[in-house]
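Residue-level structural notes
As a plain string of letters, each chain reads:
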Amino acid sequence: LTQSTRIEVAQRGRRALISPAQFPRSVGELEMALRSGWDFATQLGIPIGDQLHFYELLRRLLCACDARRFGEFENESWWRFSGAQQRSPGYRRYLADGLTRTLVAARAREMSARTGGYILLQLLQDMVRPGAQVDRVLNAPTNQAWIDPWLSHLRSLGVDYRLGHRVETIHSRGDEVTGVSGHTVSWPSQALGSQFADRAKYYVAAVPVEVMQKQIKIALKRRVPELGKLDKLVYRWMNGIVFYLTEDVPLVHGHTIIIDSPWALTAISQRQFWPQVDFSRFAGGKVQGILSVDISDWEANGSYAAKGKPAKACSKHEIAAEVWAQLKASLNDDEEVLRDDMRFDWFLDPDIVQPNPSTHTNLEPLLVNTKGSWRYRPEAAMPEVPNLFLAADYVRTYTDLATMEGANEAGRRAVNAILKATGSDAELCRLWKLREPGGPFTLARLADQLVYRVT
Ligand SMILES: Cc1cc2nc3c(=O)[nH]c(=O)nc-3n(C[C@H](O)[C@H](O)[C@H](O)COP(=O)(O)OP(=O)(O)OC[C@H]3O[C@@H](n4cnc5c(N)ncnc54)[C@H](O)[C@@H]3O)c2cc1C
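Now for a look at the structure at hand. Please read all numbers here as calculations on a predicted model, not as lab measurements. (Residues numbered from 1 in each chain as written. Predicted model: local features only at pLDDT ≥ 70, side-chain atom pairs only at ≥ 80, totals over all residues. Heavy atoms only, no water.)

1. Regarding the sheet that holds strand 9 (residues 217-218)
The strand order across the open sheet built from four strands is 7-6-5-9, with neighbouring strands paired in mixed fashion. Since the sheet does not close on itself, it has two edges, and those belong to strand 7 (192-198) and strand 9, each with one partner. (Pairing = 2+ DSSP bridges. Helix = DSSP H or I, 4+ residues; strand = E, 2+ residues; numbered from the N terminus.)

Structure, rendered in structure tokens:
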């Protein structure tokens, strides 16, 4: 991982706001932080009363005890908690809706105030704490930097890693898992191959929630409430598209949030983070820059090539053209940052499967921590099933957001549970709570514990 140092908020007709993605480390960064803070306070049409209201929300979150967080904030939507309905359009766009929608694909109206609020606080704390880093990215394409080395490492440890094996049934007798079975599949065509069946002593389900809900038959769901409750969890579409450019267009040294884009786009220009990657081998040197874009809202209507349709209802070509147009609309203000002649090619996540232009499926949606969903999320270990463990981003974790960190923590929890189940004396994986400011805030949280108990 390598640190990105800037965050850009771009929008049509206004100068982009660029701020350091960490506590300022130089006079230049301090100036930039002050300028972006000033612009934020004065240029975005958020009345001072609404800004103060937002600071008050942050204070409430910081001073609330755990019981209030789970008893109160968990059961309220971030939208309601933030008072968005009664506030100015600027407040709604930037503070209540924009940040959450763009950063975590979570609709402010659906996400719990607990998850939305505390993740936002984490991001803000990392921006203002000296030495902290709010945003780090891979220093090469994902396969090269991570997946391939990880796979080699696992195989070197003796793991029999079988690619293209789709589990379709988890078999059980009583409360115990007795085996799994399914088919081999080709990728990306998803064509089914031969059948397989396997048995083991312990099983880890490390597949996404929508797969646990619909794609794998799990008879145990009828016996084990923790598994049955998984069906109540909610997921939404979030997927990416990559544009290959004939010129390198660095934008900023970090993520660009296109805050007013109908499809809630975030973009990052990759080349600056990939120092070892030889671009001369991409399309014979014709590709000099790579722009990766996340599309977080697939239900809002597009304004350009989409002809008023949401991304979900567009063809792949329409999606590419619409995303490109939305990027240009917000990035090409004072100067023409993106030009059509730069666009060499594009690649839409093949998880978007389009049997015909109106019935798309998404093989990789993203869990949303909707209000009240904590009670449906299972622990990595379920006391009723001694030999099945869960390791995916929907598991209850301190991280508490559908991210790679959340999935990683769930994996560590599953490992610890297996070590316990097998009576192993191997060292447990470390787990840690998210960092919170101490001092007066600790005292405030203690006081709130008393107040919450008596009210
Ligand atoms: C577009 C997008 C951008 C994101 N950006 C970020 C980001 O910047 N930072 C971040 O931290 N998180 C990000 N996330 C979220 C993050 O990717 C997920 O939360 C995380 O990958 C979840 O990990 P997991 O192990 O639970 O599931 P996955 O990573 O989805 O892994 C599940 C695995 O199970 C396999 N599988 C599925 N079905 C079956 C089956 N039936 N049988 C066998 N195997 C099966 C899948 O092929 C996959 O390999 C993003 C997500 C999306 C969609």
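Picking up where we left off.
2. Quick notes on the pattern of salt bridges
Following the criterion strictly, the structure yields 27 salt bridges and no others. Here R59 ties to E56 by a salt bridge, and the two come within 2.9 Å at their closest N and O atoms. You can see R59 and its partner E56 sitting in helix 2 (residues 48-63), three residues apart, about one turn around the helix. Under the relative-accessibility criterion, R59 is labelled partly exposed at 40%. (Salt bridge = Lys/Arg side-chain N within 4 Å of Asp/Glu carboxyl O. Buried < 20%, exposed > 50% of the residue type's maximum accessible area, 1.4 Å probe, protein only.)

3. Focus on helix 7 (residues 142-156)
With 15 residues, helix 7 extends 20 Å from end C-alpha to end C-alpha; this agrees with the ideal 21 Å at 1.5 Å per step. Just past helix 7, the residue G158 takes up positive phi, approximately 100 degrees. (Expected span 1.5 Å × (residues − 1).)

4. Quick look at the sheet that holds strand 13 (residues 265-269)
Strand order in this open sheet of seven strands is 3-2-12-13-14-11-15, and the pairing throughout is mixed. Across the chains shown, the open sheet's two edge strands, defined by having one partner strand only, are strand 3 (17-20) and strand 15 (343-348). Taking each pair of neighbouring strands and ignoring which way they run, the sheet shows an average axis angle of 20 degrees. The pairing of strand 11 (residues 239-245) with strand 14 (residues 289-295) spans seven bridges and is antiparallel. Note on strand 14: the bridge partner recorded for I241 is V293. (Axes fitted to C-alpha atoms, helices over the stretch in contact; angles between N-to-C directions.)

5. Observations concerning the pairing of strand 7
Across five bridges, the pairing between strand 6 (residues 176-185) and strand 7 is antiparallel. Within strand 7, the residue paired with V185 across the bridge is L192. Connecting the antiparallel pair strand 6 and strand 7 is a turn made up of six residues, with Q190 showing a positive phi of about 65 degrees.

6. Let's talk about the site of the ligand
In the vicinity of the ligand there are 20 residues, among which V167, M238, D393, M404 and E405 approach most closely. Contact distances for the ligand include 3.3 Å between an oxygen atom and a backbone N or O atom of T403. Note that an oxygen atom of the ligand is positioned 3.2 Å from one of the side-chain N or O atoms of E405. Protein contact buries 64% of the 990 Å² of open area that the ligand shows by itself. Elements supplying a minimum of two residues to the shell around the ligand: strand 5 (165-173) and helix 11 (404-421). Of the residues belonging to the shell around the ligand, the class tally is 12 nonpolar, three polar and five charged. (Near = heavy atom within 4 Å. Polar contact = N/O pair within 3.5 Å; in protein donor to acceptor, adjacent residues only side chain to side chain. Areas by Shrake-Rupley, 256 points an atom, 1.4 Å probe, with all protein chains shown as cover. Nonpolar A, V, L, I, M, F, W, Y, C, P; charged D, E, K, R; others polar.)

7. Side note on the layout of surface pockets
In this structure, the second largest pocket spans a volume of roughly 580 Å³. Surrounding the second largest pocket, 24 residues form its lining, D66, R69, F70, K433 and E436 being those nearest its centre. Looking at the lining of the second largest pocket, the elements with two or more residues in it are helix 3 (66-71), helix 6 (113-128) and helix 12 (440-454). Here the lining of the second largest pocket takes five residues from helix 6, the largest share from any one element. A class-by-class count of the residues in the lining of the second largest pocket yields eight nonpolar, six polar and 10 charged. Structurally, the lining of the second largest pocket is a two-domain feature, drawing no fewer than three residues from each of domain 1 (44-130) and domain 2 (162-235 + 365-421). (1 Å grid on protein atoms, 1.4 Å probe; cavity = no way out; pocket = protein on both sides within 12 Å on 5 of 7 lines; lining within 4 Å. Points joined across faces, edges and corners; volume = space filled by probe spheres on them. Domains from an automatic or database assignment.)

8. Quick notes on the packing of aromatic side chains
Taken as a whole and judged by the stated rule, the model has nine aromatic pairs. Measuring from centroid to centroid gives 6.0 Å for W78 and F81, while their planes differ by 35 degrees, and the two rings are tilted. Within this pair, W78 and its partner F81 are both found in helix 4 (residues 78-81), separated by three residues, close to a single helical turn. Among the residues examined, F81 registers a relative accessible area of 4% and is labelled buried. For the ring pair F243 and W324, a centre distance of 5.2 Å and an interplane angle of 55 degrees mean the geometry is tilted. (Phe/Tyr/Trp six-rings, centres within 6.5 Å; stacked < 30°, edge-to-face > 60°.)

9. A short note on the side chain of S330
Tracing the backbone shows S330 in helix 10 (residues 316-331). With a relative accessible area of 5%, S330 lands in the buried category. Every residue in contact with S330, bar those within four places of it in the chain, is listed here: A10, Q11, R12, I258 and D260. (Contact = heavy atoms within 4.5 Å.)

10. Let's talk about the state of the cysteines
In protein structure, a disulfide is the covalent linkage between the sulfur atoms of two cysteines. As enumerated under the stated definition, the model contains zero disulfides in all. C65 carries a free sulfur, and the closest cysteine sulfur to it, the one in C63, is 11 Å from it. Taking relative accessible area as the criterion, C65 reaches 3% and is therefore assigned buried. (Disulfide = S-S within 2.5 Å.)

Taken by themselves, the reported measurements are silent on function.
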